[in-house]
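Below are the chains, spelled out letter by letter.
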Amino acid sequence: MNRVLGLSLVGFNEREAIRNHQEQFSSLQWELSYKMSERFLSEVEPIIADRVVSVHACCPSESIFPNFGSRDEAVLSESFEALKRTFKTARRFGAKIVVLHPGYVADDKIPASNAEREALLAGSSFAPYVGVEKGSICRADYPKSEVYRQHFERARKSLITLSAMAKEAGLQLAAENLNPRVAYLVQTPEEMVSLASASDDLFLCLDVGHLWIASQVYGFDYLEGIKQILATKKVITAHIHSNPSDRAAQVFVDSHDGINRHSFDYRTILKLLADSGANIILETVCSPKQNTLLLYEALR
């Protein structure tokens, strides 16, 4: 793989800030964010049109997150249609990779709104699986539960179909590991390995911040978990950010902080990713200049 260094637009909401950053870092590529409206996409398109390497579904933003773990055919159909629209965006901007949250431990639609999603996760149907109430962090045995396994297998089958659709569209589908929260699928290295073997056309996006939180909930060795996922040779892109999650303090927060925060060993992690050949995408929500400089310096 020819590695690309990039920055997610998730932390940007002004056209001029994007223009200024691109002028400062002429070799940097972009990942379109699932938070971008069609209006904002059109505003920035003249600036970034030939600099987009990947697109995070759904883009443009939609009222739902696609749920490929659903056993409701109507929800599945709506999810496939949403991804078709994201595929169209990827082709429009010349991106080759579509990053996707694989699915959820639910049959219902999953709202994209943070407030609506928080209310859903705090509902009675998920209560038996909650280990830490703040953030609806799941119990350590959650991925082994029957309901979780059923939805995981549904998502795995759906992603095989979806990855074939992506290939037909000239794209690569990369499933991303998620946070250890109730209703979220694909949280552990073992699940990522399982997806990697599901289809030759299904690839992975390794989110190192999400994996750190998962390691604190499940107690696995973090760096070994990264190595295990990279060993599949299916990781084509990675999201880089830090957070203050700590098992001893019972803190589990997906804050997408700078890569030099919270004793995050970003140099070791970036070396592992660089050796794998995967694209490296900063997904921090603050200090884009500082984090970009740190990224370049670490990989010099």
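Before reading on, note that the structure itself is shown above.
Concerning the overall build of the protein chain
Here comes step 1: When you go through the protein chain residue by residue, the secondary structure sums to 10 helices and 12 strands.
Here comes step 2: Relative to a compact globule of 300 residues, whose C-alpha radius of gyration would be 19 Å, the protein chain shows 18 Å and is just as compact.
Here comes step 3: Oriented by its inertia axes, the alpha-carbon framework of the protein chain measures out at about 50 × 40 × 35 Å.
Here comes step 4: Burial status across the protein chain gives 54% buried among its 300 residues.
Here comes step 5: On the protein chain, roughly 12,600 Å² of surface is accessible, and the fraction owed to carbon and sulfur atoms is 49%.
Here comes step 6: For the protein chain, the centre of its 33 positive side-chain charges and the centre of its 37 negative side-chain charges are spaced 3 Å apart.

With respect to the side chain of S215
Here comes step 1: Here S215 lies in helix α7 (residues 208-218).
Here comes step 2: Apart from residues lying up to four places away in sequence, S215 is in contact with F220, Y222 and R247.

Quick notes on the nonpolar core
Here comes step 1: Counting residues in hydrophobic clusters, the biggest one holds 88 residues, and the most contacted among them are L32, I48, L162, L206, V208, I240 and L273.
Here comes step 2: With near-sequence residues (within four places) excluded, L206 lies in contact with N177, M192, L211, I226, I229, L230, V235, T237, A238, H239 and L273.
Here comes step 3: Among the nonpolar cores identified, the runner-up in size contains 6 residues, and V99, A174, C205 and I236 belong to it.

A look at helix α8 (residues 222-230)
Here comes step 1: Burial in α8 covers these residues: Y222, G225, I226, I229 and L230. Along α8, the residues classed as buried sweep out an arc of 130° about the axis, all on the same side.
Here comes step 2: Two or three places before L223, at the opening of α8, D221 has a side-chain oxygen 3.3 Å from that residue's backbone nitrogen.

So, how was this worked out
- Counting from 1, residues in each chain are numbered in the order their sequence is written.
- Local features in this predicted model are restricted to residues of pLDDT 70 or higher, and side-chain atom pairs are both shown and tallied only at a pLDDT of 80 or more, whereas totals for entire chains, interfaces and linings draw on every residue.
- Each side-chain value is derived from all of the structure's non-hydrogen atoms; neither hydrogens nor water enter the calculation.
- Each helix is a run of H or I in the DSSP string that is no shorter than four residues. Each strand is a run of E no shorter than two, and both are numbered from the N terminus.
- The atom set for the radius of gyration is the C-alpha atoms, and the globule formula is 2.2 Å times the number of residues raised to the power 0.38.
- For every residue, the accessible area obtained with a 1.4 Å probe (protein chains only) is divided by the maximum for its type, and the residue is called buried under 20%, exposed over 50%, and partly exposed between those limits.
- Methods summary: accessible areas were calculated by the Shrake-Rupley approach with a probe of 1.4 Å, and residue burial reflects only the protein chains presented.
- Counting rule applied: Lys, Arg positive; Asp, Glu negative; His and chain ends not counted.
- We put the charge of a Lys on NZ, of an Arg on CZ, of an Asp on CG and of a Glu on CD.
- In what follows, a contact means two residues having at least one pair of non-hydrogen atoms within 4.5 Å.
- The definition of a nonpolar core used throughout is a set of buried Ala, Val, Leu, Ile, Met, Phe, Trp, Tyr and Cys residues joined through side-chain atoms within 4.5 Å.
- In this description, one arc is meant: the one made by directions from the helix axis to the C-beta atoms.
- Nitrogen and oxygen atoms within 3.5 Å of one another constitute a polar contact, given that in protein one can donate a hydrogen and the other can accept it, and given that sequence-neighbouring residues count only through two side-chain atoms.

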